[in-house]
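# Structural overview for review
Listed here are the chains, written in short residue letters.
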Amino acid sequence: MTDLFERFIQDMQLRNFSERTIEAYSRALHQLAEHFNKSLELITEKELKEYFLYNKNVRKWSRAASTISICGIKFFFEKSLQIQWNVFGLVRPPKDKSLPEILSLKEVNKIFSCIKMEHHKACLKTIYSLGLRIQEGTRLKVADIDSDRMFVHIHKGKGAKDRYIPLPDATLDLLRQFWKTHRNPLLLFPAPGRGGKQMPNTDMPIPVSSIQIAFKEACQKANIRKKVSVHHLRHSYAVHLLEAGVDFRYVQEYLGHEDPKTTLIYTKLINISLPDPIAAINKVMDAIR
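Residues numbered from 1 in each chain as written. Predicted model: local features only at pLDDT ≥ 70, side-chain atom pairs only at ≥ 80, totals over all residues. Heavy atoms only, no water.

Below, the discussion takes up the pairing of strand β2 (residues 151–154). With 2 bridges connecting them, strand β1 (residues 145–146) and β2 associate as antiparallel partners. Looking at β2, one finds that Ile 145 is bridged to Val 152. In this structure, the hairpin formed by β1 and β2 is closed by a connection of 4 residues, where Met 150 is found at a positive phi of approximately 60°. In terms of strand pairing, β2 meets strand β3 (residues 163–166) through 4 bridges, oriented antiparallel. What sits directly across from Ile 154, in β3, is Arg 163. (Pairing = 2+ DSSP bridges. Helix = DSSP H or I, 4+ residues; strand = E, 2+ residues; numbered from the N terminus.)

Taken together, the buried positions of helix α13 (residues 277–286) are Pro 277, Ala 280, Ile 281, Asn 282, Val 284 and Met 285. If you follow the buried residues of α13, they end up packed against α5 (105–113), α6 (118–130), β3, α8 (169–179), α10 (231–244) and α11 (248–255). (Buried < 20%, exposed > 50% of the residue type's maximum accessible area, 1.4 Å probe, protein only. Contact = heavy atoms within 4.5 Å.)

Attention now goes to the sheet that holds β2. Reading across the sheet, the 3 strands line up as β1-β2-β3 and stay open at both edges, with antiparallel pairing between neighbours. Two strands close off the open sheet at either side, each with one partner strand: β1 and β3.

Counted according to the given criterion, the structure contains 9 salt bridges. Across the pair Lys 46 and Glu 50 runs a salt bridge whose closest N-O atoms are separated by 2.6 Å. With Lys 46 and Glu 50 both in helix α3 (residues 45–57) and 4 residues apart, this pair spans about one turn of that helix. Exposure remark for Lys 46: the relative accessible area of 59% places this residue in the exposed category. (Salt bridge = Lys/Arg side-chain N within 4 Å of Asp/Glu carboxyl O.)

On inspection of all chains with the given rule, the structure shows 15 aromatic pairs. An angle of 85° between the planes, with centres 5.6 Å apart, marks the rings of Phe 8 and Phe 76 as edge-to-face. With a gap of 68 residues between them, Phe 8 in helix α1 (residues 2–14) and Phe 76 in helix α4 (residues 63–80) connect regions that are remote in the sequence. Residue classification places Phe 8 among the buried residues on the basis of a relative accessible area of 0%. When the centroid spacing of 6.5 Å and the interplanar angle of 85° are considered together, the rings of Phe 151 and Tyr 164 count as edge-to-face. One end of the pair, Phe 151, is in strand β2; the other, Tyr 164, is in strand β3, with 13 residues separating them in the sequence. Residue Phe 151 is classed as partly exposed on the basis of its relative accessible area of 23%. Residue classification places Tyr 164 among the partly exposed positions, given a relative accessible area of 41%. By way of ring pairs, the aromatic residues Phe 5, Phe 8, Phe 17, Tyr 25, Phe 36, Tyr 51, Phe 52, Phe 75, Phe 76, Phe 77, Trp 85 and Phe 88 are connected into one cluster. Directly above the ring of Tyr 164 sits Arg 149, whose terminal nitrogen or CZ lies 5.6 Å from the centroid. (Phe/Tyr/Trp six-rings, centres within 6.5 Å; stacked < 30°, edge-to-face > 60°. Lys NZ or Arg CZ within 6 Å of the ring centre and 35° of its normal.)

Written as structure tokens, this is what we have:
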């Protein structure tokens, strides 16, 4: 297993998979090995089919969880073991056609007001105001902020692609004030450690799990009945910008969507175009206290 797994990791690295993808695919392979409790090269196509059915019918995995597992296992067998099986053409979950839940500006404000710790609040506000994925937010560095041009440089987002996002005035003020509380030379949101003593010197970003827990607790306290996660702040960012009049093409660029169809989910009822997206973004973010 060790040699096979090392080959699997190297194959993914050679294809420039992101760190997050490598982690997710590795976890999928470990889950498969634990399920059968035998060496992976001994697993048959029939067993693999039974495993995918078990995840679907017994574990009731979501489409996202199933897709990650299938893609990771498929990569291992097809690329690392050079095995081609028909089962991989049968098990892809159907596309989810449901629309994501969207938080209103009022609900976003209500959630933020219920967050206890300042490092959680600052990070979540930044994630919302820049439309970031959660790890893009937690790993932001001081050097990523271009306050002269008022842009944030996102390094190696999904698909290992860089992008620039407009930096709202309110977000810059928030980041400056929060940075003064720890003055870490590298990270905007360093891991606090016990009592926050670790923040000035650590090179570890704030844990994703702590941000997720803080958001969930704030939603409960704010009595938000919608089924939402931190990622729904990104969905809400997109819709709020479109409703404020930011052109679809700008929103697509800020979100880092290569395919415009991915962004179209937010535009089904919106058809507004303004020439100045930066002013509109500032208007939206000024509403967040």
